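Overview (structure and organization)
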Amino acid sequence: MRARVGQKVAVSVVFVAAMFMSIMDATIVNVALPTIGRDFSVSPTAVDGISIAFLVSLAVFIPASGWLGDRFGGKRVMLTAIVVFTVASALCGIASTLDQLVAFRVLQGIGGGMLAPVGMTMLFRAFPPRERIRASAILTVPTTLAPALGPVVGGLLVDSLSWRWVFYVNVPIGIAAFLFGLLCLDRSAEGHPGRFDLAGFLLSGAGLGLLMYGLSEGPNLGWSTVPVLASIASGLLLLAAMVVVELRTRAPMVDLRLMSDRLFRACNGVVVLTSVSFLGTLYVISLYFQNGRGLSAFDAGLSTFPEAIGVMAGAQLASRVLYPRLGPRRHIALGLLGAGICIGLLALMTAHTSLWWARLLMFCLGFAMGQVFVPTQTAAFASVSPAATGRASTMFSAVRQLGGAVGVAVLTTTIVLAGPTHLVAGQPVANLTAYRAAFLVAAALCLAGIAFALSIRDVDAAGTIPARRRPRPDRPETALATPTDEALRSPAR
């Protein structure tokens, strides 16, 4: 079978399947939390640990994934991560107590934390620089389709079968991805990443884990409560210590020196603000549909789903047409501008606004984000050496994961401060002004990313810009310079 399946196809299939399974798990489980709480006879706040345990575990093990992939080979680590995640999903489905379920979610996070960085490294090593725009278009499938599909599938499974099926659904996907990867992936060469940086792992893992916990619990417990303040402060102190230690380490677990690369630094700036605004908006729009407009979780998921269709359509236009013509600088800036406008328009919705208008805005938001995701992921690794790709993927994944947590925390806090409900004729009614305020904050953060986009120079990413199709020999006078040629002649861009 290996002879019939090229490595580009094999890596793409395994990566998309694994990431789809991992990313959808976060949103699909949220739908089932109320039912799980009733089944285990615990309060609604107690079940938050199911989601928080997964996010914290994910954050702890992301930093180690780059070293593991370089040391033991991408194929071996990827397949191990898939097995861990799949087995943990099955264990979550058969959990008989809440404590067991939380423990198995931690195990899920261990597997999930290794999937994204290792898979991204394999993908970018399989595709040469000028073909990475195709790889970036592939990356948009799991990262955008899965979050939107999760509430739809979750609502259907919980209503029709049982909450346990939101975990069981991962099992056939995981088995299929593992078998396909076992048969079709070539064994990756093992590198020499140096000794395991234990200090870097402990500081980065504990720091990210505590910070993620604080950000996740802040909107629920209150930002002034002792557990939240202590976890955030401890997390920031540990991350500050990690910076000092890693800059003095010859082979660091978290290679902060990569941030000295102007292009990689700018793309990470775009990623963190995009994750904050976009993932935060996906969370808020679900609350708006359910709490503000009275839709069920299933119907809210269906109304959010046009976003995923928009991203996939936008990714095709981005990879095939716009990136080769515009280059990353203008492409990303225009995408952020369009996304910011769409999120801002969401803030104008009232209690009587047609849901079809909201769905159209979600499609347009997804389409605009396709013009951000694809060029950013393509350009980010343009000046990163093959040997450093694993460490760069680790940092890229950590930044995106942290941005998503910050986005949910910031926008949820905005809603809480504005007041999610108010009294009308003595009855509590959803306060749509709170959701409008959250959308405006998200729009402002999205537009702020344009500053990072404009700091990108196309010449730095010239190797990733495909040559435009040359004119036919009978019309030589119409030949056009490629963006790469222009960039090399105009370094000021």
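Scroll up for the structure.
Now for a quick tour of the structure. Note that the structure is a prediction, hence the values are computed from the model and not measured. (Residues numbered from 1 in each chain as written. Predicted model: local features only at pLDDT ≥ 70, side-chain atom pairs only at ≥ 80, totals over all residues. Heavy atoms only, no water.)

A closer look at the packing of aromatic side chains
Defined as follows: Classification of ring pairs uses Phe, Tyr and Trp, with its six-membered ring standing for Trp, and accepts pairs whose centres are within 6.5 Å; under 30 degrees between planes counts as stacked, over 60 as edge-to-face, and the remaining range as tilted. Helix numbers and strand numbers start at the N terminus; a helix is a DSSP run of H or I with at least 4 residues, a strand a run of E with at least 2.
Across all of its chains, the model carries 15 aromatic pairs by this definition. Consider the rings of Phe-54 and Phe-85, whose centres lie 6.5 Å apart with planes at 70°: the pair is edge-to-face. Pair noted here: Phe-54 is in helix α2 (residues 48-72) and Phe-85 is in helix α3 (residues 74-94), with a separation of 31 residues, a long-range link. On the basis of an interplanar angle of 75° and a centroid distance of 5.4 Å, the ring pair of Phe-278 and Phe-373 is categorised as edge-to-face.

Considerations on the packing of α3 against helix α7 (residues 170-184)
Note the following rule: Throughout, an axis means a line fitted to C-alpha atoms (over the contacting stretch in the case of helices), and angles, computed between N-to-C directions, take values from 0 to 180 degrees. With respect to orientation, any angle under 35 degrees is reported as roughly parallel, any angle over 145 as roughly antiparallel, any angle of 65 to 115 as roughly perpendicular, and every other angle as oblique. For any pair of crossing helices, the crossing counts as left-handed if the nearer helix is rotated counterclockwise from the farther one by less than a right angle, and right-handed if it is rotated clockwise. Working rule for contacts: check all heavy atoms of both residues, and any pair within 4.5 Å makes them a contact. Residue polarity is assigned by list, with Asp, Glu, Lys and Arg as charged and Ala, Val, Leu, Ile, Met, Phe, Trp, Tyr, Cys and Pro as nonpolar; anything else, Gly included, falls into the polar class.
In contact at an axis separation of 9 Å, α3 and α7 are set at 160° when each is read in the N-to-C sense. Put simply, α3 runs roughly antiparallel to α7. For α3 against α7, the interelement crossing comes out left-handed. For the pair formed by α3 and α7, the contact residues are Lys-75, Leu-79, Ile-82, Val-83, Phe-85, Thr-86, Ser-89 and Ala-90 on the first element and Asn-170, Val-171, Gly-174, Ile-175, Ala-177, Phe-178, Gly-181 and Leu-182 on the second. Class assignment of the residues belonging to the contact of α3 with α7 gives a composition of 10 nonpolar, five polar and one charged.

Points about the packing of helix α5 (residues 132-160) against helix α11 (residues 297-304)
Between α5 and α11, the shortest axis-to-axis distance is 8 Å and the interhelical angle comes to 155°. If you check the angle between α5 and α11, you find them roughly antiparallel. α11 is crossed by α5, and the crossing has left-handed handedness. Contacts between α5 and α11 involve Ala-148, Pro-151, Val-152 and Leu-156 on the former and, on the latter, Ala-297, Phe-298, Gly-301, Leu-302 and Thr-304. Here the contact of α5 with α11 is built from residues that sort into seven nonpolar, two polar and no charged.

Some details on the pattern of salt bridges
How we decide: The salt bridge criterion pairs a side-chain nitrogen of Lys or Arg with a carboxyl oxygen of Asp or Glu, the two atoms within 4 Å. Accessibility here uses a 1.4 Å probe with only protein chains present; expressed as a share of the type maximum, an area under 20% marks a residue as buried, one over 50% as exposed, and anything in between as partly exposed.
The final tally for this structure, using the stated rule, is four salt bridges. For Arg-125, the salt bridge is made with Asp-70, and the minimal N-O distance between the two is 3.4 Å. Residue Arg-125 is located in helix α4 (residues 98-126), and its partner Asp-70 is located in helix α2; the two are separated by 55 residues in the primary sequence. Under the relative-accessibility criterion, Arg-125 is labelled partly exposed at 42%.

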